[in-house]
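Overview (structure and organization)
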Amino acid sequence: MQANVNGEYYYGTTDSLTFYGGMEDGFSYPYSDPETYFPYPFALGETWADSSSMSYTVSVITVIRTGSLESSCTATGSITLPGG
C-alpha cells in the first residue's frame, strides 16, 4: 500500500509490480483485472503486455476504466518499489 494526502493505493510486489486499485476522497475502486506493470524477474530485452479493468458507481454515475500497457526492459540495475 502507498498512501498520500489524496488517497491510498494498493500495489502487489511479490512476483510483479501490480496495481490493485485504491481509495480517493472516500471512494474505493478495486480493479477486477489488476494492472501488472512487469513481472519479476524481468530480463534485459524482455517485453510484457497486460490489460486491466475496473468499475465503480458514485451516486448514479458508473465509472468504467479499461486499459492496456506494454513494458520493455531496456537497461539493468535496481528499482525502488512503492513502500520500499
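Now for a description of the structure that goes with this document. All of these numbers come straight from a predicted model, not from anything done at the bench.

Quick look at the packing of aromatic side chains
Two aromatic rings are characterised by how far apart their centres lie and by the angle between their planes. Taken as a whole, this structure holds five aromatic pairs when the rule is applied. With a centroid separation of 6.0 Å and 35° between ring planes, the pair formed by Tyr29 and Tyr56 is classed as tilted. Residue Tyr29 is found in strand β4 (residues 27-39), and its partner Tyr56 is found in strand β5 (residues 47-58); the two are separated by 27 residues along the sequence. Arranged with centres 5.6 Å apart and planes meeting at 15°, the rings of Phe38 and Phe42 form a pair that is stacked. Given a relative accessible area of 16%, Phe38 falls into the buried group.

Calculation rules
Residues numbered from 1 in each chain as written. Predicted model: local features only at pLDDT ≥ 70, side-chain atom pairs only at ≥ 80, totals over all residues. Heavy atoms only, no water. Phe/Tyr/Trp six-rings, centres within 6.5 Å; stacked < 30°, edge-to-face > 60°. Helix = DSSP H or I, 4+ residues; strand = E, 2+ residues; numbered from the N terminus. Buried < 20%, exposed > 50% of the residue type's maximum accessible area, 1.4 Å probe, protein only.

This is a description of form; function is not addressed.
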